[in-house]
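Residues per chain are reported as follows:
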Amino acid sequence: MITTSFLGDKPINRIGFGAMQLAGPGVFGPPSDPEGARAVLRGAVALGVDHIDTSQFYGPNVVNELIREALYPYPENLKLATKVGARRDENGGWLPAQSPGELRAGVEDNLRTLRLERIDLVNLRLMDEHDAEGRLPEQLGALQDLRHEGKLDLIGISNASTDTVRRALELVEIACVQNAYSVVNRAGEDELALCEERELAFVPFFPLGSAFAGGPTQLAADPAIAEVAARREATPSQIALSWLLHRSERILLIPGTSSISHLEENIAAGEIELDERDMRRLQDASQLGDPMAAAEHSSGD
């Protein structure tokens, strides 16, 4: 199994780290153990993680500040990716922030809290695709302006259908698509196929299934996943991550956790070799309903 791929033109390890879970409950406020969160970040880098997915609206501010406190000055090979397009209210609710001015402010806020002059990747997180139909040119135009100003390197798009991705590709150079996708939710097959066709990175959020629909608990209860896990002497979560790595060389993973032991478990999934028998059996994994409705209330990674 190939262990590296590309983000834009940059080689990258296929297992990264999603930092969303480092915030408090509901991705809002500080964690109960900030030093533990910083230890997870340092541990991820020590285990070979070279890209971290974050956002200013995780907390808000909290996760970016933890990343800066734990890792600045950043290792030379570390790529930091963020997303813009949402904000939080005083109760932790998720609100759209989709205007060009709000997108620009979101990038500037990420740069400030991460203590960067230029960020490696900014994903446009669409909150409502129907609303985005007429706004995509100005939204991506705002990110392109920031790229020309030297404040970001790569542009991605998140929570987008194939039609929207194709429109985006006509407007700017797109490096990745970040959508919900897992062994128990394959609604993103068309978007993955498009990424393979256009040689884009495909970055699944909810790679272990949506937390709103059971997540790892649902994986463990699935007979197909449990059978392969037993055969490979692995956990169901590791099998779910390994399935993604075997499913396509364009897939980059950003599993998140606030636990060192789970971090080590996730990274070790990259060492599991699934054969054709395993992949055929995993085709029988039960499919959940499309979690995108739940994802509308979370940036979910």
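## Focus on helix α3 (residues 100-114)
Consideration 1: Compared with an ideal rise of 1.5 Å per residue, which puts 15 residues at 21 Å, α3 spans 21 Å between its outermost C-alpha atoms and is within 8% of the ideal.
Consideration 2: Looking at the buried side of α3, the elements it contacts are α2 (62-71), β5 (79-84), β8 (119-125) and α5 (136-148).

## A look at the pairing of strand β9 (residues 152-158)
Consideration 1: Across the seven residues of β9, seven count as buried, placing the element largely inside the fold.
Consideration 2: Pairing geometry for β8 and β9, over six bridges, is parallel. Each bridged residue has a counterpart across the sheet, and for V122 the counterpart in β9 is I155.
Consideration 3: Relative to strand β10 (residues 176-178), β9 is paired through three bridges, and the arrangement is parallel. Note on β10: the bridge partner recorded for G156 is C176.
Consideration 4: The handedness of the β9 to β10 crossover, carried by helix α6 (residues 162-171), is right-handed.

## Quick look at the side chain of K79
Consideration 1: With respect to the helices, strands and loops of the structure, K79 is situated in strand β5.
Consideration 2: No salt bridge is formed by the buried K79. Its closest oppositely charged neighbour is D120, at 5.8 Å.
Consideration 3: Within the structure, the side chain of K79 is placed 3.4 Å from the backbone oxygen of N77, a separation counted as a polar contact.

## A look at the pattern of salt bridges
Oppositely charged side chains may form a pair once their charged atoms are brought near each other.
Consideration 1: All chains considered together, the criterion is met by 22 salt bridges.
Consideration 2: In this structure, the salt-bridge partner of R38 is E35, at a minimum N-O distance of 3.1 Å. Note that R38 and E35 are positioned in helix α1 (residues 34-46) at a spacing of three residues, about one turn of the helix.
Consideration 3: For R38, a relative accessible area of 18% gives the class buried.
Consideration 4: Classification of E35 by relative accessible area gives partly exposed; the value is 40%.
Consideration 5: What emerges from the salt-bridge pattern is a single network uniting E227, R231, R232, D275, D278, R281 and D284.

## So, the pairing of strand β1 (residues 4-7)
Consideration 1: With burial as the criterion, only one face of β1 is covered, namely that bearing S5 and L7; the residues T4 and F6 on the opposite face remain uncovered.
Consideration 2: Two elements, β1 and strand β2 (residues 10-13), share four bridges in a ladder whose sense is antiparallel. Among the inter-strand pairings, F6 is bridged to a residue of β2, identified as P11.
Consideration 3: A loop of two residues connects β1 with β2, the two strands running antiparallel in sequence, and G8 in this loop sits at a positive phi of about 65 degrees.

## Brief notes about the nonpolar core
The nonpolar side chains of soluble globular proteins are, as a tendency, buried together.
Consideration 1: Core analysis: the biggest nonpolar cluster contains 80 residues, and F17, I52 and I67 have the highest contact counts within it.
Consideration 2: In contact with I67, other than residues within four places in its own chain, are A19, L41, I52, T54, Y72, Y74, L80 and L114.

## Some words on the sheet that holds β9
Consideration 1: Taken in spatial order, the seven strands make up an open sheet running β3-β4-β5-β8-β9-β10-β11, and their pairing is parallel. In this open sheet, the two strands that pair with only one neighbour each are β3 (17-18) and β11 (201-202).
Consideration 2: Seen against the sheet, α3 touches β5 and β8 and runs at an angle of roughly 145 degrees to β5.
Consideration 3: Helix-sheet contacts for α5 involve β5, β8 and β9, and the interaxial angle to β9 is about 160 degrees.

## Quick word on the confidence of the model for the protein chain
Consideration 1: With 93% of its residues at a pLDDT of 70 or more, the protein chain has an overall mean of 93.
Consideration 2: A low-confidence stretch, residues 291-300 (pLDDT under 50), is modelled with 29 contacts involving residues beyond four sequence positions or located in other chains.

Calculation notes
- Residues numbered from 1 in each chain as written.
- Predicted model: local features only at pLDDT ≥ 70, side-chain atom pairs only at ≥ 80, totals over all residues.
- Heavy atoms only, no water.
- Helix = DSSP H or I, 4+ residues; strand = E, 2+ residues; numbered from the N terminus.
- Expected span 1.5 Å × (residues − 1).
- Contact = heavy atoms within 4.5 Å.
- Buried < 20%, exposed > 50% of the residue type's maximum accessible area, 1.4 Å probe, protein only.
- Pairing = 2+ DSSP bridges.
- Right-handed = clockwise from strand over helix to strand, strands pointing away.
- Lys, Arg positive; Asp, Glu negative; His and termini not counted.
- Salt bridge = Lys/Arg side-chain N within 4 Å of Asp/Glu carboxyl O.
- Polar contact = N/O pair within 3.5 Å; in protein donor to acceptor, adjacent residues only side chain to side chain.
- Core = buried A, V, L, I, M, F, W, Y, C linked by side-chain atoms within 4.5 Å.
- Axes fitted to C-alpha atoms, helices over the stretch in contact; angles between N-to-C directions.
- pLDDT = per-residue confidence, 0-100.

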